[in-house]
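Given next are the chains, with one letter for each unit.
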Amino acid sequence: MSRELHLLAFGNTRSAGPWRHPDIDNSTAGVRRALIERAKAAEAGGFDALFFADGLNYGPPATWPYKITEDFEPLTTAAALSSVTEHVGFVVTGSASLAHPYHLARQLLSVDHLSGGRTGWNLVTSFARAAADNFSAAGVVDHDERYRIAEEAIEVVTKLWDSWGPDTIIEDRSAGIYNDVSRIRVPNHHGRHFDVAGPIGAARSAQGRPVIFQAGSSPTGRDFAARHAEVIFTSHGTQRGAREFYTDIHRRATLAGRERPPLVTPSLRFIVGSTEEEAHRAERAAYEYFSPEYQAAWLLEVDVDVTGADLDGPVPAGAFPDGTETHQTALAGYRALAADGSPTVREFLYRTVNGWGANVVGSHEQIADRLEDWFTSGAADGFVLSDSGLPGQFELFVEQVVPLLRKRGLVRHEYRGTTLRDHLGLPVPQRDEVSA
Ligand SMILES: Cc1cc2nc3c(=O)[nH]c(=O)nc-3n(C[C@H](O)[C@H](O)[C@H](O)COP(=O)(O)O)c2cc1C
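As recorded by an unreviewed UniProt entry, the protein carries the name Nitrilotriacetate monooxygenase and is attributed to Mycolicibacterium confluentis. UniProt's Sequence similarities (unreviewed entry) comment on the protein is quoted here verbatim: "Belongs to the NtaA/SnaA/DszA monooxygenase family."

A. Quick peek at the overall build of the protein. A tally of regular secondary structure across the protein gives 14 helices and 13 strands. On C-alpha atoms alone, the protein measures out to a radius of gyration of 22 Å, which is about the 22 Å that the 2.2 N^0.38 rule sets for 436 residues. In the protein, which comprises 436 residues, the proportion classed as buried is 54%. For the protein, the proportion of contacts with a sequence separation of at least 24, taken over those separated by at least 6, is 77%. Counting only carbon and sulfur atoms, one obtains 51% of the accessible surface of the protein, whose full area is about 18,800 Å². Positive and negative side-chain charges of the protein, numbering 42 and 57 respectively, have mean locations separated by a distance of 3 Å.

B. Spotlight on the packing of aromatic side chains. All chains considered together, the criterion is met by 15 aromatic pairs. Between Phe51 and Phe233 the ring centres are 4.5 Å apart and the planes differ by 45 degrees, which places this aromatic pair in the tilted class. Placement of the pair is Phe51 in strand E2 (residues 49-52) and Phe233 in strand E10 (residues 231-234), with a sequence separation of 182 residues. Like Phe233, Phe51 is buried. Feature note: the residues Phe10, Phe51, Phe213 and Phe233 constitute an aromatic cluster, connected by ring pairs. The side chain of Lys67 reaches across the aromatic face of Tyr58, ending 4.3 Å from its centre.

C. The arrangement of the nonpolar core in detail. Counting 68 residues, the largest nonpolar core has Leu7, Phe47, Trp121, Trp161, Leu371, Leu385 and Phe397 as the members making the most contacts within it. The leading source of residues in this core is helix H5 (residues 143-161), at 9 residues. Residue contacts for Trp121: discarding those within four places in its chain leaves Val91, Val92, Gly94, Ala96, Leu104, Leu108, Ile154, Val157, Trp161, Val211, Ile212 and Phe213. Core analysis: the second largest hydrophobic core is formed by 24 residues, Ala286, Val315, Ala319 and Leu337 among them.

D. Representation of the site of the ligand. Near the ligand there are 18 residues, and of these Asp54, His143, Tyr147, Ala215 and Ser218 occur at the shortest range. In this structure, an oxygen atom belonging to the ligand sits 2.9 Å away from a side-chain N or O atom of His143. The side chain of Ser218 places a nitrogen or oxygen atom 2.6 Å from an oxygen atom of the ligand. Against a free-state accessible area of 610 Å², the protein chains account for coverage of 90% of the ligand. Counting only elements with at least two residues in the shell around the ligand, the list comes to strand E4 (119-124), H5 and E10. Each residue belonging to the shell around the ligand can be placed in one class, and the counts come to 7 nonpolar, 10 polar and 1 charged.

E. Broad picture of the pattern of salt bridges. Within this structure, the stated rule accounts for 27 salt bridges. Arg3 is paired through a salt bridge with Asp381; the nearest N and O atoms lie 3.1 Å apart. Pair noted here: Arg3 is in the segment before strand E1 (6-10) and Asp381 is in the loop between helix H12 (364-376) and strand E13 (382-386), with a separation of 378 residues, a long-range link. The exposure class of Asp381 is buried, given its relative accessible area of 5%. Note that Arg148 is salt-bridged to Glu145, the shortest N-O span being 2.7 Å. On the criterion of helical spacing, the pair formed by Arg148 and Glu145 is a turn pair, its members being 3 residues apart in helix H5. Given a relative accessible area of 44%, Arg148 falls into the partly exposed group. Each member of the salt-bridge network shares a partner with another, and the members are Arg222, Asp223, Asp248, Arg251 and Arg252.

F. Focus on unusual backbone geometry. Residue Pro199 is reached from Gly198 by a cis peptide bond, and omega for that bond is 0 degrees. Looking at where Pro199 falls in the secondary structure, it is placed in the loop between strand E8 (195-196) and strand E9 (211-214). Even without a glycine there, the phi angle at Leu56 is positive, about 55 degrees. The residue Leu56 is located in the loop between E2 and helix H2 (74-82) in this model. On the basis of relative accessibility, which here comes to 27%, the residue Leu56 falls in the partly exposed class. If you check the backbone angles, Asn188 has positive phi at about 45 degrees while not being a glycine.

G. The pairing of E4, seen in detail. Most of E4 is tucked away: 5 of the 6 residues are buried. Strand direction decides the pairing type here: strand E3 (residues 89-95) and E4, joined by 6 bridges, are parallel. Bridging from a neighbouring strand, Gly94 pairs with Leu123 of E4. Viewed along the sheet, the connection from E3 through helix H3 (residues 101-114) into E4 turns out right-handed. Both E4 and E9 contribute to a ladder of 4 bridges, which runs parallel. Bridged to Gly120 within E9 is Val211.

Definitions and cut-offs
Residues numbered from 1 in each chain as written. Predicted model: local features only at pLDDT ≥ 70, side-chain atom pairs only at ≥ 80, totals over all residues. Heavy atoms only, no water. UniProt positions renumbered as here; feature names shortened; annotations may be inferred. Helix = DSSP H or I, 4+ residues; strand = E, 2+ residues; numbered from the N terminus. Rg over C-alpha atoms; globule rule 2.2 N^0.38 Å. Buried < 20%, exposed > 50% of the residue type's maximum accessible area, 1.4 Å probe, protein only. Contact = heavy atoms within 4.5 Å. Areas by Shrake-Rupley, 256 points an atom, 1.4 Å probe, with all protein chains shown as cover. Lys, Arg positive; Asp, Glu negative; His and termini not counted. Charge placed at Lys NZ, Arg CZ, Asp CG, Glu CD. Phe/Tyr/Trp six-rings, centres within 6.5 Å; stacked < 30°, edge-to-face > 60°. Lys NZ or Arg CZ within 6 Å of the ring centre and 35° of its normal. Core = buried A, V, L, I, M, F, W, Y, C linked by side-chain atoms within 4.5 Å. Near = heavy atom within 4 Å. Polar contact = N/O pair within 3.5 Å; in protein donor to acceptor, adjacent residues only side chain to side chain. Nonpolar A, V, L, I, M, F, W, Y, C, P; charged D, E, K, R; others polar. Salt bridge = Lys/Arg side-chain N within 4 Å of Asp/Glu carboxyl O. Pairing = 2+ DSSP bridges. Right-handed = clockwise from strand over helix to strand, strands pointing away.

Structure (structure tokens):
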């Protein structure tokens, strides 16, 4: 089968300002309705999955005045949305360094069952101090140590997922025996960080087990992703940077003995219009509704500080520290965004709305061209798309860009299977395999 472009989209995109738009209903019922509409639109567009990011904290206190509250917890959101959809997948963020692997394994597999095999786990090693403060942790654990914890956590989680094999359930009604106990694998895991006896009482799901997503970008993180991830999230401001990353991940995956490299899906923020002019009008609206105060406060999480600077003046030289213990790739990415031309603080902050990832503004043709170019030049296997958060933009992508991508033979016309692995073209892992 020829290569297929994979479309994923952020589930929540509204926290940074567009909630002020008069057509957005910020009540709990309104947010719930918007989530359902988004899931249905994604499904109509044949998207592989919606992705729910999570930081396990409400963000730096300086962001609180500007931020919506109903930004729901990913696992429960996925469970709810899976019951109003049939095909689209749900990738939920779970912290391997803060959440206990028993809970993670059980909740993720449970949602995978409830969704009929449509769940993915975005495995993160939480970097925020505010997240550590919510988990009785004495500060953020050192970066590489977080990956060592994650290494053990994924081992525990996959052992728990593999407690049941395809032949464990015998369901002998006359004898009253449901499980062949000799075929239950009890993890009995005793490691440096976790002691987990197991098993969890859940069989394999329709897709075997949830798909592993990961977004390592440091050398340690890339090695981790190259070993374990089936799909990699990443962010690059330029196509060249994305291509270098793609090549590097393939190299690391080969070194790790992987026969099949992980799929790489960079984040991309789009603003679309039927014409270029219409797209630029939509961008002006997005610019009007974004909140520079929120963005400035949010950047404090990675030690970038432009708070107090004149929004219409230049970015102060002292805004960027030499290094950070939080998120080094983010710091470098934001520094690059500030160095490109001479943006005002406000313009710089607008550029950070999609983190340090790429942005595209244009007609449906121009957006399809950009996606195709990244895909065919070896910069991406697909994208995790975010929109401006303004009403109608995501639907416009589904109505106008997806048909073009289909016409060009880049994305499928309809779902060929029912599970997230089917959509992504990933095999069902054999029992006991830790990576794909
Ligand atoms: C598209 C994308 C989505 C991400 N989503 C989350 C998230 O929801 N929660 C989180 O804690 N980190 C998230 N991250 C950050 C990564 O998990 C990771 O910490 C980061 O890429 C830094 O890599 P490193 O840990 O190897 O330094 C995301 C990164 C990218 C590129």
